[in-house]
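Close look at the chain arrangement
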Amino acid sequence: MAVLGATGATGRHVVSTALQRGHHVVALVRRTGTFTPRERLREVTWPEVTDASTLTRALPGTNVVISALGGADKGPTTVCTDGIRSAVTAMKAAGVARLIALSAHGVLETHDKSLYSLAVWANVAERMHDKETMEPLITASGLDWTIVRPPKLSDHDAIGKYQAGTDLPIRLWSSVGRADLAAFLVEEAETPRYTHACPRITR
């Protein structure tokens with residue numbers, strides 16, 4: 001599997017979880033030498049998310065792309081939108097059909113007047129907007145996609161317990177750990193349950 005955003009807080013968990021489960025991983029990184037060399041791990045330098053040609057060359061031999069791309073904490077960002085645009089182009093060129101992309105609860109039809117949605121848009125509106133412009137690129141791609149929409153992410157150790165579903169209630173206090181989220185992403189890659197769906201996940 002190929003992991004976009006492999007050096008991010010969630011992406012690192014995706015890489016380590018996939019390796020632990022015996023998968024071969026292509027980690028797309030901004031800087032060469034980000035990961036310690038490990039068996040079944042191939043690092044590919046991808047400094048610009050708009051560079052679809054580098055991504056196209058990295059994908060042959062993979063059968064799923066997991067995007068854990070995320071924007072900067074503050075200020076406007078288009079990292080998710082630009083990265084997914086490149087990913088869709090590259091996947092079609094390389095013949096890879098399965099895409100699992102990390103988004104966020106509170107975008108598009110979940111951008112409502114709930115306390116959670118109001119709070120997240122008040123704090124990270126630029127990043128939410130980036131995900132809102134990313135998602136239509138995925139749903140119109142013709143790929144076998146899954147868009148995962150977690151609530152607030154935390155950095156605690158994996159607890160191995162979480163709930164997932166397309167209609168899962170998300171409250172103001174809802175959250176999920178990045179390690180558990182990564183496990184869900186890898187499990188969805190192994191055994192698709194939410195193809196052409198937008199599952200939510202919370203502990």
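This report concerns the structure included in the present document. (Residues numbered from 1 in each chain as written. Predicted model: local features only at pLDDT ≥ 70, side-chain atom pairs only at ≥ 80, totals over all residues. Heavy atoms only, no water.)

1. Thoughts on the packing of aromatic side chains
Put simply, the rule is: Aromatic pairs are defined between Phe, Tyr and Trp rings, using the six-membered ring for Trp, whenever the two ring centres lie within 6.5 Å; interplanar angles under 30 degrees are classed as stacked, those over 60 as edge-to-face, and all others as tilted. Under the scheme used here, helices are H or I runs from DSSP no shorter than 4 residues and strands are E runs no shorter than 2 residues, and both carry numbers assigned from the N terminus. Relative accessible area decides the class of each residue, using a 1.4 Å probe on protein chains only: under 20% of the type maximum gives buried, over 50% gives exposed, and in between gives partly exposed. Charge over a ring is defined by NZ of Lys or CZ of Arg lying within 6 Å of the ring centre and within 35 degrees of the ring normal.
Using the criterion set out here, one finds two aromatic pairs in the structure. Geometrically, the ring pair formed by Y162 and F184 is edge-to-face, given 6.0 Å between the ring centres and 85° between the ring planes. Of this pair, Y162 sits in the loop between strand 7 (152–154) and strand 8 (163–165) while F184 sits in helix 5 (residues 178–190), and the two are 22 residues apart along the sequence. Overall, the relative accessible area of 24% leaves Y162 in the partly exposed class. You can call F184 buried: its relative accessible area is 4%. Among the aromatic side chains, those forming a connected cluster through ring pairs are Y162, F184 and Y194. The positively charged end of R12 is found above the aromatic ring belonging to F35, 5.1 Å away from the centroid.

2. Examining the sheet that holds strand 1 (residues 2–4)
Spelled out, the test is: For two strands to be treated as a pair, DSSP must find at least two bridges joining them. Orientation is described by lines fitted to C-alpha atoms, with helices fitted over the stretch in contact, and by angles between N-to-C directions that extend from 0 to 180 degrees. Should any heavy atoms of two residues lie within 4.5 Å, those residues are counted as being in contact.
Reading across from one edge, 3-2-1-4-5-6 is the order of the six strands in this open sheet, with parallel pairing throughout. On the outer flanks of this sheet lie strand 3 (41–45) and strand 6 (144–148), each paired with one strand and no other. Across the sheet, the mean angle separating the axes of adjacent strands is 20° when strand polarity is ignored. Sheet topology note: the strand 4 (residues 64–67)/strand 5 (residues 98–102) ladder contains four bridges and is parallel. Of the residues in strand 5, the one forming a bridge with S67 is A101. Contacting strand 1, strand 2 (25–29), strand 3, strand 4 and strand 5, helix 1 (residues 9–20) crosses the sheet at an angle of about 165° to strand 2. Across the face of the sheet, helix 3 (residues 79–94) comes into contact with strand 1, strand 4 and strand 5 while running at roughly 170° to strand 5.

3. Here's the deal with helix 3
For the α-helix, the turn length of 3.6 residues means that residues three or four positions removed from each other point alike. Cut-off, in case you're wondering: A helix is expected to span 1.5 Å multiplied by its residue count minus one.
Its 16 residues give helix 3 an end-to-end C-alpha distance of 22 Å, which sits within 8% of 22 Å, the value for a rise of 1.5 Å per residue. Along helix 3, the residues that are buried comprise V79, C80, T81, D82, G83, I84, S86, A87, V88, A90 and M91. Turning to helix 3, the residues buried within the fold contact strand 1, helix 2 (52–58), strand 4, strand 5 and helix 4 (115–139).

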